[in-house]
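Each chain, written out:
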Amino acid sequence: MRFYDFYIQYKILSKELENEEKHNLPRHRIIILILIAVLTVFSITFIISSNPIWFGIMIILMVLSCIIIYIYENRINIMENMLNTYYKPYSKNRVNKCLDLLREYNINPEDTEKLDLLIAEAVESQKDYDYLNSLTNTIKSIFPVIISMIAFIAGILKDNISGNEMLSLTLMALIFVVVLYFALITLKTVIKDVFYLDYNYHSDLIKDLRQLKIFYNTDINNTTILNDSTSTFSDISTTEEAKQTNQKSNTKQHNSSLNHKKKKQKKISH
């Protein structure tokens with residue numbers, strides 16, 4: 001067996017859990033997703049038809065929808081309902097399936113050293129799926145070059161344009177650089193969510209293994225310690241009781257022997 005086999009089986013497990021989660025979405029989330037999808041379609045339509053006013057209205061409605069759902073889900077009764085109805089059952093199901101997977105590969109969930117080895121192997125394996133790592137470093141090195149080019153062009157043009165024009169061009173160039181930077185960051189995030197599936201599954205595997213170390217092993221250890229301490233205290237109390245019983249019996253025997261000797265001495269004197 002190899003780590004790759006273990007990972008593929010974990011990936012299948014994760015996909016099954018994702019499908020179960022999609023079928024168990026709360027009603028209010030389904031409604032809000034449908035609403036956002038409809039607003040997105042209308043927004044694209046208004047962009048194509050060059051209607052910026054309605055496009056702006058659609059964007060505002062989408063933002064308001066997100067704010068409303070955020071406020072709604074942060075109410076105490078809704079959080080309690082989500083915790084008991086969705087989060088806890090999902091967590092229990094996920095933990096149980098992860099435990100079954102570990103046992104299938106003859107890995108003891110209580111063996112934290114073996115779990116650490118799995119986490120380390122997952123971290124190393126994840127690097128093979130980080131396709132944008134080189135692109136990120138390239139983007140970081142490009143921006144100083146762009147800024148240097150803007151400064152160079154500004155130095156050439158400063159004698160041919162007025163001060164106000166120079167200021168406006170500089171501001172436009174800075175805005176362009178900032179917008180380009182955030183556009184690339186957004187693009188990277190979208191690409192990671194859509195095309196970085198194996199990278200993300202590795203992240204989920206690492207998280208699940210760490211959760212098992214934190215919660216599953218802690219519960220077992222606490223139970224073991226409690227049982228050990230209880231048995232220790234019971235042994236101590238039993239030993240103390242035995243000592244007290246022995247002391248009492250010895251005292252009684254000693255007193256009875258003294259009384260017997262006294263009676264003999266009285267008979268002899270008579």
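Model, not experiment: these values are computed from the prediction.

Calculation rules
- Residues numbered from 1 in each chain as written.
- Predicted model: local features only at pLDDT ≥ 70, side-chain atom pairs only at ≥ 80, totals over all residues.
- Heavy atoms only, no water.
- Core = buried A, V, L, I, M, F, W, Y, C linked by side-chain atoms within 4.5 Å.
- Buried < 20%, exposed > 50% of the residue type's maximum accessible area, 1.4 Å probe, protein only.
- Helix = DSSP H or I, 4+ residues; strand = E, 2+ residues; numbered from the N terminus.
- Contact = heavy atoms within 4.5 Å.
- Expected span 1.5 Å × (residues − 1).
- Bend = angle between axes of the 7 residues up to and from the residue.
- Salt bridge = Lys/Arg side-chain N within 4 Å of Asp/Glu carboxyl O.
- Phe/Tyr/Trp six-rings, centres within 6.5 Å; stacked < 30°, edge-to-face > 60°.
- Patch = residues over 30% accessible without salt bridge, like charges linked within 9 Å, V, L, I, M, F, W, Y side chains within 5 Å.
- Areas by Shrake-Rupley, 256 points an atom, 1.4 Å probe, with all protein chains shown as cover.

A.B. asks: Is there a simple way to think about the nonpolar core in this case?
C.D. replies: Phe3, Phe6, Leu101, Leu102, Leu118, Leu205 and Leu209 are the most contacted members of the largest nonpolar core, which totals 21 residues. Those elements that place two or more of their residues in this core are helix H1 (3-23), helix H4 (76-104), helix H5 (112-126) and helix H8 (197-269). Setting aside residues no more than four positions away along its own chain, Leu118 makes contact with Phe3, Phe6, Leu102, Ile107 and Leu209.

A.B. asks: How do you make sense of unusual backbone geometry when you look at a structure like this?
C.D. replies: Both trends apply: most residues other than glycine have a negative phi, and most peptide bonds are in trans. One non-glycine residue, Asn106, adopts positive backbone phi at about 55 degrees. Within the secondary structure layout, Asn106 lies in the loop between H4 and H5. Given the relative accessible area of 68%, Asn106 is considered exposed.

A.B. asks: Is there a simple way to explain H1 in this structure?
C.D. replies: Given 3.6 residues per turn, any residue in an α-helix points the same way as the ones three and four places further on. With 21 residues, H1 should reach 30 Å at 1.5 Å per residue; the first-to-last C-alpha distance of 30 Å fits that figure. Every buried residue belonging to H1 is among Phe3, Phe6, Tyr7, Tyr10, Lys11, Leu13, Ser14 and Leu17, and all of these are buried.

A.B. asks: What should I look at first to understand H4 in this one?
C.D. replies: Taking 1.5 Å per residue as the helical rise, H4 with its 29 residues ought to reach 42 Å, and the 40 Å between its terminal C-alpha atoms agrees with that figure. The sharpest bend along H4 reaches about 45 degrees and sits at Leu83. Three or more residues of H4 are buried, namely Ile78, Met82, Arg94, Cys98, Leu99, Leu101 and Leu102. Two residues or fewer after H4 comes Asn106, characterised by a positive phi angle close to 55 degrees.

A.B. asks: It is not clear to me how the pattern of salt bridges should be interpreted in this structure. Could you clarify?
C.D. replies: Side chains that differ in charge, positive against negative, can pair when their charged atoms come close. Across all of its chains, the model carries 7 salt bridges by this definition. Asp198 is paired through a salt bridge with Lys11; the nearest N and O atoms lie 2.9 Å apart. Linking Asp198 in helix H8 with Lys11 in helix H1, this pair joins segments that are 187 residues apart in sequence. Notably, a salt bridge pairs Arg103 with Asp100, separated by 4.0 Å at the nearest N-O pair. Separated by 3 residues within a single helix, Arg103 and Asp100 lie in helix H4, roughly one turn from each other.

A.B. asks: Is there a simple way to explain the packing of aromatic side chains in this structure?
C.D. replies: Remark: the centre distance and the inter-plane angle together describe each pair of aromatic rings, the angle taken between the planes. Tallied over the full model, the rule gives 4 aromatic pairs. Here Phe3 and Phe6 contribute two aromatic rings whose centre-to-centre distance is 6.3 Å and whose plane-to-plane angle is 35 degrees, an arrangement assigned as tilted. Of this pair, Phe3 and Phe6 both sit in helix H1, separated by 3 residues, roughly a single helical turn. Residue classification places Phe3 among the buried positions, given a relative accessible area of 16%. Given the relative accessible area of 4%, Phe6 is considered buried. Here the aromatic rings of Tyr196 and Tyr199 are separated by 5.2 Å at their centres, their planes lie at 55 degrees, and the arrangement is tilted. Like Tyr199, Tyr196 is buried. In textbook terms, an aromatic cluster arises when at least three aromatic residues are bridged by ring pairs, as seen for Phe3, Phe6 and Tyr105.

A.B. asks: I keep staring at a nonpolar patch on the surface and nothing clicks. Help me out?
C.D. replies: Residues Ile53, Trp54, Ile57, Ile59, Ile60, Leu61, Val63, Leu64, Ile67, Ile68, Tyr70 and Ile71 make up a contiguous nonpolar surface patch of roughly 1200 Å² in combined accessible area. Here Ile67 is to be found in helix H3 (residues 52-73). On the basis of relative accessibility, which here comes to 43%, the residue Ile67 falls in the partly exposed class.

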